Amino acid sequence: EVQLVESGGGLVQAGGSLRLSCAASGFTFDSYAIAWFRQAPGKEREGVSCFSSWDGSTYYTGSVKGRFTISSDNAKNTVYLQMNSLKPEDTAVYYCAAQNPKYFPADCMKYLEVWGQGTLVTVSS
C-alpha cells in the first residue's frame, strides 16, 4: 500500500523557518512526482510546489517564490519543503501528494492520487 506521511509542522513566529517532510512508503523515488498543497482556514486548497524527477522541473505558486524550496532524498523516499521567511498568511494545513506512476512523467501537479494526512503550520504575527 502506497502511503505518504507529513511531519514538521508547528507554531513559528513571522520571519521564521520550518522544514516539512513527506515520507513515502510502498514505492521508490526512482521516477516520481510529488506536490505540496495547503489549505488555510476559510480558503480553498492551493497547490504550493511540486517536483518531477523526469526533468527536474519544479513549480512554486507566486506567493511562495523565493521563500520556499522543494527538495528530495531519494534514498529515504522523502520529499521536503523548506519554508523560510514565513508570513502569517502561510498558516495552513500542508499536504503532500504523489502522482500516479501510470501517468509519469506528466506535469507534477497532475494526477495526484495518493495524499498524506496533513501537518499544521501556524505562523504568528
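Above: the structure in question.
Just so it is clear, the model here is predicted, and its values are computed rather than measured. (Residues numbered from 1 in each chain as written. Predicted model: local features only at pLDDT ≥ 70, side-chain atom pairs only at ≥ 80, totals over all residues. Heavy atoms only, no water.)

(A) Quick peek at the nonpolar core. Within the largest apolar cluster, 27 residues are counted, with the highest numbers of intra-cluster contacts made by Trp 36, Phe 68, Val 79, Leu 81, Met 83 and Tyr 94. With sequence-adjacent residues up to four places away left out, Val 79 is seen in contact with Leu 20, Ser 21, Cys 22, Phe 29, Tyr 32, Ile 34, Trp 36, Ile 70, Ser 71 and Ser 72. Judged by nonpolar contacts, the second largest core, of 7 residues, contains Ala 35, Phe 37, Ala 97 and Cys 108. (Core = buried A, V, L, I, M, F, W, Y, C linked by side-chain atoms within 4.5 Å. Buried < 20%, exposed > 50% of the residue type's maximum accessible area, 1.4 Å probe, protein only. Contact = heavy atoms within 4.5 Å.)

(B) Local environment of the state of the cysteines. Applying the stated criterion to the full structure yields 2 disulfides. Across the disulfide, Cys 22 is cross-linked to Cys 96 (sulfur-sulfur distance 2.1 Å). Negative torsions about the S-S bond denote left-handed disulfides, and the value of about 75° found for Cys 22 with Cys 96 makes this one right-handed. Note that Cys 22 is positioned in strand β3 (residues 18-25) and Cys 96 in strand β9 (residues 92-99), a separation of 74 residues in sequence. Cys 96 carries the same exposure label as Cys 22, and that label is buried. Linked covalently through their sulfurs, Cys 50 and Cys 108 form a disulfide whose S-S length is 2.0 Å. The sign of the S-S torsion, about 55°, decides the handedness of the disulfide formed by Cys 50 and Cys 108: right-handed. One end of the pair, Cys 50, is in strand β5 (residues 46-52); the other, Cys 108, is in the loop between β9 and β10 (112-115), and 58 residues separate them in sequence. (Disulfide = S-S within 2.5 Å. Helix = DSSP H or I, 4+ residues; strand = E, 2+ residues; numbered from the N terminus.)

(C) Up close: the packing of aromatic side chains. Counting across every chain of the model gives 4 aromatic pairs. Here Tyr 32 and Phe 51 contribute two aromatic rings whose centre-to-centre distance is 5.8 Å and whose plane-to-plane angle is 45°, an arrangement assigned as tilted. Taken together, the positions of Tyr 32 in the loop between β3 and β4 (33-39) and Phe 51 in strand β5 put the pair 19 residues apart, joining distant regions of the chain. Both residues of the pair, Tyr 32 and Phe 51, count as buried. An angle of 15° between the planes, with centres 4.1 Å apart, marks the rings of Tyr 103 and Tyr 111 as stacked. With relative accessibility at 33%, the residue Tyr 103 sits in the partly exposed group. The ring of Tyr 80 is capped by Arg 19, whose NZ or CZ atom sits 4.2 Å from the centre of that ring. The side chain of Arg 45 reaches across the aromatic face of Phe 37, ending 5.9 Å from its centre. (Phe/Tyr/Trp six-rings, centres within 6.5 Å; stacked < 30°, edge-to-face > 60°. Lys NZ or Arg CZ within 6 Å of the ring centre and 35° of its normal.)

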